[in-house]
Amino acid sequence: MKTVSVKNRCKFRVAGKPAARLESIPAPAHVAAIPHQIPLIRPRLLVKPNDSVKLGTPLIEDKGNPNLKLLSPGGGHVMDIQYGPRRVIEAIIIKIAPDEPYVEFPVIDETQISGMGREEIIDALMARGLWPLIRGIPFKGVADPEEAPAAVWVPLDILDPFHPHSDVYLAEGPAKEQFLFGIKVLQKLAGRVCVCEHTDRPVPDERLRQVLTHRAAGPFPAGEPGVMHYQTKQSAKENRAWYVTGQDVLLLAEALLTGRYPTARVMTVSGGRPDNNRHVRSRIGAPLKSLVKQIDSPEAYRWVAGGLFTGYNAAPDGFMGLYETALMLVPEVTEKELLGFARPGLKKPTSSRTFLSAITRPTLTVDADRHGELRACVNCSYCAAICPVGILPQYTYKCIYAEEIEEALAHGLLDCVECGLCSYVCPSKIELTETFKDTKHKYYWGKI
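Residues numbered from 1 in each chain as written. Predicted model: local features only at pLDDT ≥ 70, side-chain atom pairs only at ≥ 80, totals over all residues. Heavy atoms only, no water.

Colleague: Just checking my understanding: could you explain the sheet that holds strand β12 (residues 193–198) for this structure?
Modeller: Two modes of strand pairing occur in sheets, parallel and antiparallel, and in both the strands are linked by backbone hydrogen bonds. Taking strand neighbours across the sheet as the criterion, the 6 strands line up as β1-β13-β12-β11-β14-β10 in an open arrangement whose pairing is mixed. Each edge of the open sheet carries a strand with a single partner, namely β1 (2–5) and β10 (135–137). Neighbour-to-neighbour, the strand axes of the sheet open up by a mean angle of 30°, direction not taken into account. The pairing of strand β11 (residues 152–155) with strand β14 (residues 241–243) spans 2 bridges and is classified as parallel. Counterpart to V152 in the pairing with β14 is W242. Packed onto the sheet, helix α6 (residues 225–232) meets β1, β10, β11, β12, β13 (212–217) and β14 and runs at close to 130° relative to β11. (Pairing = 2+ DSSP bridges. Helix = DSSP H or I, 4+ residues; strand = E, 2+ residues; numbered from the N terminus. Axes fitted to C-alpha atoms, helices over the stretch in contact; angles between N-to-C directions. Contact = heavy atoms within 4.5 Å.)

See the structure below:
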């Protein structure tokens, strides 16, 4: 087994990490599909308000590939369709019926998988609406089924400090058997399937250890599939790869073995109240409020879906999307700190030794205060020091700012794994990761 260690790293101590305990919560009365959080697709709506739908009924299809569909995460009727700017489909809300009808797909077991070809398996996953769980490197969009990837990466733990632990979601019922079945399915799609554990969370089960191929060492983003692929690829011919998270492998397997669209998910919650920091058993598309315990002022927090470094701001009335398994409630800060620049900063997270907390190294709670306004890049190179794939984010950003895209590509724009660390450490408060992500998407669509 090969061990990959990330040399550039950011050492941070953040309080409020979710405990390993798993709790069951009441089933939500409604769920939602979030099409606009699936990158690089052009959704076409297939339902309208008040339509009756089953669990697994297609809600949207991709205009570029009509076989690529997003299925309903609940059975009942379409309660509402929410639109954003320029009529972007933000949410399709499903009111769940008491009996929750569902679409039945043909069951495919392990014996049948052995005799199936690659195209048959792709068609089966497309029909069950789970192909979007397989994503492509470097653009992080839905994997192109026409592509022959260099590898399929399966990280068990990405080690974002607020994401679900593999020893929690793999302890559920028949999860281990389903995971092994899912790996066999992926091996039909690509000749090389790389299953990765993290040294901080070794897999104790001997059956699972037999499919492990790599071990990641170091803090986040060690184990991130883009990082692992960058550190192990041998040539430019291997630039493109696929990846799917360990928990999503369980969904692929369950959909084939049961013939039903799977919705059960283990998610993490942190923030708001100390007893909120835990794993919960919920479902795809669950309302954010259904995941947390009662809090007095929801508006006093920033609701971050998707993790500390890679998540996005969601409204308290929002929903968990297809890819999100972590929810954080980060305290909002509405008042500016008086003479904040003159304070020693014993309780301020820092990566640049600006504050005394760099010496005392306490475990701190993060809040939504940026501690400063947007400023020009000063070439401090803190972003380059922590970049896990060795690009120079400050120069890449300046090339994009000057509309010199070829120069940005030469600096390694497409190698960016969108881990969010460069934005986290930037003393000028520049949203480097968002800039790189937007530019990559424009490049993908040929708009630049």
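Past the structure itself, the notes keep going.
Colleague: Help me understand the pattern of salt bridges, please; the structure alone is not making it clear to me.
Modeller: Two side chains of opposite charge can pair, provided their charged atoms sit close to one another. Enumeration according to the criterion identifies 26 salt bridges in this entry. A salt bridge links R283 to E100, with the shortest nitrogen-to-oxygen separation between them at 2.9 Å. Here the residue R283 occupies a position in strand β16 (residues 278–283), and E100 occupies one in the loop between β9 (89–96) and α1 (110–114), the gap between them amounting to 183 residues. Here R283 matches E100 in class, with each residue buried. (Salt bridge = Lys/Arg side-chain N within 4 Å of Asp/Glu carboxyl O. Buried < 20%, exposed > 50% of the residue type's maximum accessible area, 1.4 Å probe, protein only.)

Colleague: Would you mind going over the pairing of β9 with me for this structure?
Modeller: Of all 8 residues in β9, 6 are buried; the element is thus mostly enclosed. Bridge count for strand β3 (residues 30–33) against β9 is 4 bridges, and the pairing is antiparallel. Bridge assignment links A33 to a residue of β9, and that residue is I92. Where strand β8 (residues 76–83) lies against β9, 7 bridges are found, and the strand directions are antiparallel. Note that in β9 the partner of G76 across the bridge is I96.

Colleague: What is the right way to read the sheet that holds strand β15 (residues 264–271) from this model?
Modeller: An order of β2-β16-β15-β19-β17-β18 is seen for the 6 strands of this open sheet, with the pairing classed as mixed. The open sheet has two edge strands, β2 (22–24) and β18 (312–314), and neither has a second partner. Averaged over neighbouring strand pairs, the angle between their axes works out to 35° when direction is ignored.

Colleague: Explain the packing of aromatic side chains here, please?
Modeller: One pair of aromatic rings is described through two measures. These are the centre distance and the angle between the planes. Overall, the coordinates contain 7 aromatic pairs when judged by the stated rule. Here F309 and Y424 contribute two aromatic rings whose centre-to-centre distance is 5.3 Å and whose plane-to-plane angle is 85°, an arrangement assigned as edge-to-face. One end of the pair, F309, is in the loop between β17 (301–305) and β18; the other, Y424, is in helix α12 (residues 421–425), with 115 residues separating them in the sequence. Linked through ring pairs, F139, Y443, Y444 and W445 together constitute an aromatic cluster. The positively charged end of R87 is found above the aromatic ring belonging to Y83, 4.4 Å away from the centroid. Across from the ring centre of Y102, 3.6 Å away, lies the NZ or CZ of R260, which sits over that ring. (Phe/Tyr/Trp six-rings, centres within 6.5 Å; stacked < 30°, edge-to-face > 60°. Lys NZ or Arg CZ within 6 Å of the ring centre and 35° of its normal.)

Colleague: In this structure, what is going on with helix α4 (residues 175–189)? I would like to understand it.
Modeller: Side chains three or four residues apart in an α-helix point the same way, a direct result of the helix having 3.6 residues per turn. Its 15 residues give α4 an end-to-end C-alpha distance of 21 Å, which sits within 8% of 21 Å, the value for a rise of 1.5 Å per residue. Those residues of α4 that fall on the buried side of the exposure criterion are A175, Q178, F179, F181, G182, I183, V185, L186 and L189. (Expected span 1.5 Å × (residues − 1).)

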